[in-house]
Amino acid sequence: MDLFVFYFILYLSCLLLQGLGYFLLSNWSPNFLLLLVIYISFLKGPLTGVVNGFLIGFFADIFSFNPFGTQSFLFTVISYITGRQKGRIAENNPFAQTVFTVIIAILYLLLYLFMLRLLPKIIRKPIGIADFSFLLGTALSAALFFRLIDRWYILWQKIISNR
């Protein structure tokens, strides 16, 4: 139950950060939900990652203007791919985290644009620099985000063990 509360607070925090970041920085904002999906999947493996990826995507779909189900599908696929890399990449190396996040963010963007092309009622806009601008914000904040979540999890464990 305590782990559920931790993840729930983490989901809400990232959802609020995502909205606030987009409001303040527009397209240059990091995709905090994508970072959260990568973090959980990379740490816990593909099964836990897929469940969390779907839930994170579902909540993102509820609060976004994207076609319903796109974020759920994308985060589920991304979490499975990321979870399969558990143990293959140095999880405590900030450079490896950043490079891996860039690769996953590019894959996320390509899958997202492909899905929008498949949906017939979506207005097709040309692909521009704004579509790729979130990559820079996500890549630059990946190592710091993962470090903060690690620290927060350790602090959460200490609080729970002191009860």
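The coordinates are above.
Owing to the predicted nature of the structure, the values given are computational and were not obtained by experimental measurement. (Residues numbered from 1 in each chain as written. Predicted model: local features only at pLDDT ≥ 70, side-chain atom pairs only at ≥ 80, totals over all residues. Heavy atoms only, no water.)

Q: I'm lost on the nonpolar core in this one. Help?
A: In this structure, L34, L36, I56, F75 and F145 are the most contacted members of the largest nonpolar core, which totals 38 residues. Counting only elements with at least two residues in this core, the list comes to α1 (2-25), α2 (32-44), α3 (46-62), α4 (70-83), α5 (94-118) and α6 (129-161). Sort the elements by how many residues they give to this core and α2 lands first, with 10 residues. The contacts of I56, once residues within four sequence positions are left out, are Y11, L33, L36, V37, I40 and F75. (Core = buried A, V, L, I, M, F, W, Y, C linked by side-chain atoms within 4.5 Å. Buried < 20%, exposed > 50% of the residue type's maximum accessible area, 1.4 Å probe, protein only. Helix = DSSP H or I, 4+ residues; strand = E, 2+ residues; numbered from the N terminus. Contact = heavy atoms within 4.5 Å.)

Q: So what exactly am I meant to see when it comes to the packing of aromatic side chains here?
A: One pair of aromatic rings is described through two measures. These are the centre distance and the angle between the planes. For the structure on display, the rule yields 15 aromatic pairs. With a centroid separation of 6.1 Å and an interplanar angle of 45°, the aromatic rings of F32 and F145 are classed as tilted. Linking F32 in helix α2 with F145 in helix α6, this pair joins segments that are 113 residues apart in sequence. For the pair F32 and F145, a shared accessibility class is recorded, and that class is buried. Through pairs of rings, three or more aromatic residues link up here, namely F6, Y7, Y11, W152, Y153 and W156. (Phe/Tyr/Trp six-rings, centres within 6.5 Å; stacked < 30°, edge-to-face > 60°.)

Q: Would you mind going over a nonpolar patch on the surface with me for this structure?
A: Together, L47, V51, F54, L55, F58, F59, I62, F63 and F68 make up an exposed nonpolar region whose accessible area comes to about 910 Å². Judged by its relative accessible area of 70%, L47 falls in the exposed class. (Patch = residues over 30% accessible without salt bridge, like charges linked within 9 Å, V, L, I, M, F, W, Y side chains within 5 Å. Areas by Shrake-Rupley, 256 points an atom, 1.4 Å probe, with all protein chains shown as cover. Salt bridge = Lys/Arg side-chain N within 4 Å of Asp/Glu carboxyl O.)

Q: So what exactly am I meant to see when it comes to the packing of α2 against α3 here?
A: Between two packed helices, the angle of one axis relative to the other and the distance separating the axes together describe the packing. It is at 8 Å that the axes of α2 and α3 come closest, and there the two elements cross at 165°. The orientation of α2 with respect to α3, classified from their angle, is roughly antiparallel. For the element pair α2 and α3, the recorded crossing hand is right-handed. Contact with α2, carried on its side by L33, L36, V37, I40, S41 and K44, involves T48, G49, N52, G53, I56 and A60 of α3 and no other residues of that element. Here the residues of the contact of α2 with α3 sort into six nonpolar, five polar and one charged. (Axes fitted to C-alpha atoms, helices over the stretch in contact; angles between N-to-C directions. Parallel < 35°, antiparallel > 145°, perpendicular 65-115°, else oblique. Left-handed = near helix turned anticlockwise from the far one by under 90°. Nonpolar A, V, L, I, M, F, W, Y, C, P; charged D, E, K, R; others polar.)

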